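A look at the structure
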Amino acid sequence: MTEQTRSVGRVRPATASTAVAVGSLVAVVVGVATVGVHGPSASATVPTSASASASASVPRPSAADCGSDDAREADIRTPASPASRVSKAYGALKNDPKPAPKPAPRPVAAVIVYAKGQLGKPYRWGGVGPRGFDSAGLVMRAWGAAGVNLPRSSWEQSLAGTPTTRSGLVPGDIVLSHRGAHVVLYIGGGRVIHAPRPGTRVTIAPLPPSSQVVAYRHIGS
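Residues numbered from 1 in each chain as written. Predicted model: local features only at pLDDT ≥ 70, side-chain atom pairs only at ≥ 80, totals over all residues. Heavy atoms only, no water.

1. Overview of the overall build of the chain
A count of helical and extended segments in the chain gives nine helices and six strands. Among the 221 residues that make up the chain, the fraction classed as buried is 25%. The long-range share in the chain, meaning contacts at least 24 apart out of those at least 6 apart in sequence, stands at 54%. If you sum the accessible surface of the chain, you get close to 15,100 Å²; carbon and sulfur atoms cover 62% of it. (Helix = DSSP H or I, 4+ residues; strand = E, 2+ residues; numbered from the N terminus. Buried < 20%, exposed > 50% of the residue type's maximum accessible area, 1.4 Å probe, protein only. Contact = heavy atoms within 4.5 Å. Areas by Shrake-Rupley, 256 points an atom, 1.4 Å probe, with all protein chains shown as cover.)

Written out as structure tokens, the structure reads:
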């Protein structure tokens, strides 16, 4: 056997081993590429026994946590929708209404309260209180207690506010009589408060006869 033949015989085994190694490497690369493209299957990555163990390890809410009420358990299992949350909020407000704010007192209430507080005080010519009043001084101070400024004299007060009628009188209106020299404060029910004349006291009296009245005036809004 020649030297060339011996050389070829030595190379063949090495070539066969190399081919086997290359084939194995290609198979590995192809397998990795297949796993990367398609992803691992559920059966390959998560065995059935492992899944059962994972399911068993998840804690379930106990009856003590959830309560025995079915609706309460449903709220825990299922998130509430926005509509149901709005409905619950409305129900809470409906069942627990806030107290209505008290209306602000009408100015006329302060007028009447002040005038009644002066009952029994003496008539005093030019008096504007607190020890005594004349008729215009009493009316001026009564409306002043409600924040309304009226003129000092009865003649000027006969032009205050707006005209009204005897049948349209409301508490707080003023009535001028005796040619405008006397003014009274209407308190409702056909009655007035006034300071009549010297030697008398602030008192409640009936409306003066229409024949004596020169003006009915509405004060305020």
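Let's pick the thread back up.
2. Describing the confidence of the model for the chain
Summary statistics for the chain give a mean pLDDT of 73 and a share of 52% for residues scoring 70 or more. Residue range residues 1-22 is modelled with pLDDT below 50. Its contacts to residues more than four positions away, or to other chains, number one contact. Contacts for the low-pLDDT stretch residues 63-76, under 50 throughout, to residues beyond four places or in other chains number eight contacts. (pLDDT = per-residue confidence, 0-100.)

3. Remarks on the sheet that holds strand E4 (residues 191-194)
Strand order in the open sheet made by the six strands is E1-E6-E2-E3-E4-E5, with antiparallel pairing throughout. Two strands close off the open sheet at either side, each with one partner strand: strand E1 (162-163) and strand E5 (203-206). The pairing of strand E2 (residues 174-177) with strand E6 (residues 213-218) spans four bridges and is antiparallel. By the bridge assignment, Leu-176 is partnered in E6 with Ala-215. In the packing of helix H7 (residues 107-117) onto the sheet, contacts are made with strand E3 (182-188) and E4, and the angle to E3 comes to roughly 115 degrees. Strands in contact with helix H8 (residues 135-144) are E2, E3 and E4; relative to E3, the strand with the most contacts, it is inclined by about 45 degrees. (Pairing = 2+ DSSP bridges. Axes fitted to C-alpha atoms, helices over the stretch in contact; angles between N-to-C directions.)

4. With respect to H7
Among the residues of H7, those classed as buried are Val-108, Val-111, Ile-112 and Ala-115. Seen from one end, H7 has its buried residues packed into an arc of 90 degrees, which puts them on one side. Buried residues in H7 make contact with H8, E3 and E4. (Arc of directions from axis to C-beta.)

5. Some remarks on the side chain of Ser-154
Its place among the elements puts Ser-154 in helix H9 (residues 154-157). Only 3.5 Å separates the side chain of Ser-154 from the backbone oxygen of Ala-181, close enough to count as a polar contact. Apart from residues no more than four positions distant in its own chain, Ser-154 is found in contact with Ala-136, Leu-176, Gly-180, Ala-181, His-182 and Val-183. (Polar contact = N/O pair within 3.5 Å; in protein donor to acceptor, adjacent residues only side chain to side chain.)

6. Structural notes on the pairing of E3
Within E3, seven of the seven residues are buried, leaving the element largely enclosed by the surrounding structure. Judged from the four bridges that link them, E2 and E3 form a sheet pairing that is antiparallel. Residue pairing across strands places Leu-176 opposite Val-183, the latter belonging to E3. Counted along the chain from E2 to the antiparallel partner E3, the turn is four residues long, and its residue His-178 has a positive phi close to 55 degrees. Inspection of the sheet shows E3 paired to E4 by three bridges, in the antiparallel sense. Its bridge partner being in E4, Leu-185 is matched across the sheet by Ile-193.

7. Examining the environment of Gly-161
On the secondary structure map, Gly-161 appears in the loop between H9 and E1. With 58 residues separating them along the chain, Gly-161 and Ile-219 place their C-alpha atoms 4.7 Å apart.

8. Description of the nonpolar core
Ranked by size, the top nonpolar core spans 23 residues in total, and within it Val-139, Trp-143, Ile-174 and Leu-185 carry the most contacts. Mapped onto this core, the elements with two or more residues apiece are H7, H8, E2 and E3. Here this core takes five residues from H8, the largest share from any one element. The next biggest cluster of nonpolar side chains, apart from the first, holds nine residues, and it includes Leu-169, Val-175, Val-184 and Tyr-186. (Core = buried A, V, L, I, M, F, W, Y, C linked by side-chain atoms within 4.5 Å.)

9. A short note on the pattern of salt bridges
Tallied over the entire structure, the rule returns one salt bridge. As a salt-bridge pair, Asp-134 and Arg-152 come within 2.9 Å of each other at their nearest N and O atoms. Here Asp-134 is found in the loop between H7 and H8, whereas its partner Arg-152 is found in the loop between H8 and H9, with 18 residues between them in sequence. Here Asp-134 falls in the buried class, since its relative accessible area comes to 10%. (Salt bridge = Lys/Arg side-chain N within 4 Å of Asp/Glu carboxyl O.)

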